[in-house]
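# Breakdown of the fold
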Amino acid sequence: MFFSGSLATALKIECIVEQTYGQWWQSLHRTMLRGVLGKTFRLIGYTIQYGCIAHCAFEYIGGVVMCSGPSMEPTIQNSDIVFAENLSRHFYGIQRGDIVIAKSPTDPKSNICKRVIGLEGDKILTNSPSDFFKSHSYVPTGHVWLEGDNLQNSTDSRYYGPIPYGLIRGRIFFKIWPLSDFGFLRDSPNGHRFSDD
Amino acid sequence: MSFMKLKAISTLLTVINFINNNNKKSGQWWQSLHRTMLRGVLGKTFRLIGYTIQYGCIAHCAFEYIGGVVMCSGPSMEPTIQNSDIVFAENLSRHFYGIQRGDIVIAKSPTDPKSNICKRVIGLEGDKILTNSPSDFFKSHSYVPTGHVWLEGDNLQNSTDSRYYGPIPYGLIRGRIFFKIWPLSDFGFLRDSPNGHRFSDD
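- Chain B appears in an unreviewed UniProt entry as Mitochondrial inner membrane protease subunit from Enhydra lutris kenyoni.
- Its UniProt record gives chain B the following Function (unreviewed entry) comment, quoted word for word: "Catalyzes the removal of transit peptides required for the targeting of proteins from the mitochondrial matrix, across the inner membrane, into the inter-membrane space. Known to process the nuclear encoded protein DIABLO."

- Per an unreviewed UniProt entry, chain A goes by the name Mitochondrial inner membrane protease subunit and belongs to Enhydra lutris kenyoni.
- The annotation that UniProt attaches to chain A under Subunit (unreviewed entry) is "Heterodimer of 2 subunits, IMMPL1 and IMMPL2."
- Its UniProt record gives chain A the following Function (unreviewed entry) comment, quoted word for word: "Catalyzes the removal of transit peptides required for the targeting of proteins from the mitochondrial matrix, across the inner membrane, into the inter-membrane space. Known to process the nuclear encoded protein DIABLO."

Structure representation (structure tokens):
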């Protein structure tokens with residue numbers, strides 16, 4: 001009887017020790033987990049917050065863009081870094097002669113960088129002015145006619161037609177790099193291509 | 001006589017100095033009071049503006065990247081979507097290029113960049129599209145160019161869509177409508193096109 005009594009007491013003590021020990025581990029894990037989880041959520045929260053603000057700043061105000069390709073030479077060379085503003089697009093203030101960035105109508109994943117030659121309603125010469133028979137067309141409502149400055153090496157509206165205004169994303173107005181060409185961008189080197197009659 | 005004059009002048013100067021000093025002190029007191037009030041008001045205003053910009057940006061990004069509630073107007077999608085119905089649009093499919101034939105999409109109008117249109121996608125790039133009524137004897141068809149989609153409203157008699165302005169670039173699509181919220185009698189996922197398939201079979 002004494003033996004069973006002491007055994008029972010021993011078992012009881014062991015149970016209590018295990019319970020407290022287990023609870024201690026659990027509470028430690030919970031605190032660590034809560035601390036780590038809390039920090040992770042706070043980090044994710046800040047990232048989302050500042051990511052949204054940065055995205056809205058880029059979309060509504062402007063940002064730095066790197067252009068690639070030869071279609072805007074000599075105004076913009078390959079790998080130039082320019083500054084684009086997106087306010088004109090939202091206030092519908094894009095004008096003839098502006099250089100714009102737009103979503104490509106043939107590849108929605110990429111952007112194109114061309115000059116606006118004609119707005120809606122304008123008469124556009126659709127082939128080289130040296131041809132004998134000039135053919136022209138009118139830009140439909142809600143569309144713009146884009147052409148690159150490097151007419152020999154540019155896929156633009158002469159190839160895929162006028163693009164809807166809704167594809168325009170921003171207006172390029174300032175070049176940052178290379179420093180030898182720092183400053184506001186020049187007018188089109190091709191003169192005006194509007195029909196005069 | 002001159003000594004008296006000097007004394008009078010110096011007394012006068014002392015009095016003027018005293019008055020000036022007093023004025024300066026009370027002036028400083030007024031200035032500091034104004035500065036504190038202004039700083040408090042300015043501080044509260046800037047904090048309010050800061051919070052507004054913060055939550056405005058987050059809400060805008062949520063609408064653009066995830067989705068939101070849209071009210072459609074116009075008869076061009078009857079009977080699927082009636083005038084003044086409220087629907088739920090999601091914008092994830094557009095960013096992952098997961099728009100498929102038969103989806104109802106919201107897009108910027110190609111003829112008026114300030115407004116949106118709400119049509120069904122009939123053809124993706126490369127598809128052959130019948131461009132006039134199938135009852136005509138001479139069927140004419142065309143292919144949808146790369147990067148474009150062909151949209152048509154469900155209400156073919158009363159819809160200005162790609163049959164009028166041609167295929168539109170994929171870049172104009174803003175989101176996909178998949179669920180109707182109002183009216184409650186029509187609550188639920190949207191139906192398939194009532195017009196069957198309009199693809200050319202040859």
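### Notes on the confidence of the model for chain B
- When the pLDDT values of chain B are averaged, the result is 83; 93% of them are 70 or greater.
- Here the complex is predicted with pTM 0.73, and the ipTM for its interfaces comes to 0.72.

### Overview of the domain arrangement of chain B
All names here are of chain B.
- Structurally, chain B comprises domain 1 (1-68) and domain 2 (72-200).
- Distance from the C-alpha centre of domain 1 to the C-alpha centre of domain 2: 60 Å.
- Across the contact, six residues belong to domain 1 and eight residues belong to domain 2.
- Of the roughly 480 Å² buried between domain 1 and domain 2, counting both surfaces, carbon and sulfur atoms make up 42%.

### So, the UniProt feature "domain: Peptidase S26" (unreviewed entry) in chain A
Residues and elements named next belong to chain A.
- Mapped onto this numbering, the UniProt entry gives "domain: Peptidase S26" (unreviewed entry) at residues 49-125 and 133-177.
- As annotated, residues 49-125 comprises 21% helix and 36% strand, and the C-alpha atoms at either end are separated by 49 Å.
- Its end C-alpha atoms 42 Å apart, residues 133-177 is made of 9% helix and 44% strand.

### Quick word on the pairing of strand E3 (residues 104-108) of chain B
All names here are of chain B.
- Extensive coverage of E3 is indicated by the burial of five of its five residues.
- Of the pairings in the sheet, the one linking E3 to strand E4 (residues 116-123) comprises five bridges and is antiparallel in character. Paired with Ile104 across the two strands is Arg120, which belongs to E4.
- One ladder, built from four bridges, connects E3 with strand E9 (residues 173-182); its direction is antiparallel. Each residue of the ladder has a partner; that of Ile106, found in E9, is Gly175.

### Remarks on the domain arrangement of chain A
All names here are of chain A.
- Segmentation of chain A into domains returns domain 1 (7-62) and domain 2 (68-193).
- Computed over C-alpha atoms, the centres of domain 1 and domain 2 are 53 Å apart.
- Taken over both partners, the interface formed by domain 1 and domain 2 buries close to 400 Å², and the fraction arising from carbon and sulfur atoms is 46%.
- By the criterion of area lost to domain 2, the three top residues of domain 1 are Glu59, Tyr60 and Ile61, representing 74% of everything that side buries.

Rules and cut-offs
Residues numbered from 1 in each chain as written. Chains lettered and ligands numbered in written order. Predicted model: local features only at pLDDT ≥ 70, side-chain atom pairs only at ≥ 80, totals over all residues. Heavy atoms only, no water. UniProt positions renumbered as here; feature names shortened; annotations may be inferred. pLDDT = per-residue confidence, 0-100. Domains from an automatic or database assignment. Contact = heavy atoms within 4.5 Å. Buried area = accessible area lost by both parts, 1.4 Å probe. Helix = DSSP H or I, 4+ residues; strand = E, 2+ residues; numbered from the N terminus. Buried < 20%, exposed > 50% of the residue type's maximum accessible area, 1.4 Å probe, protein only. Pairing = 2+ DSSP bridges.

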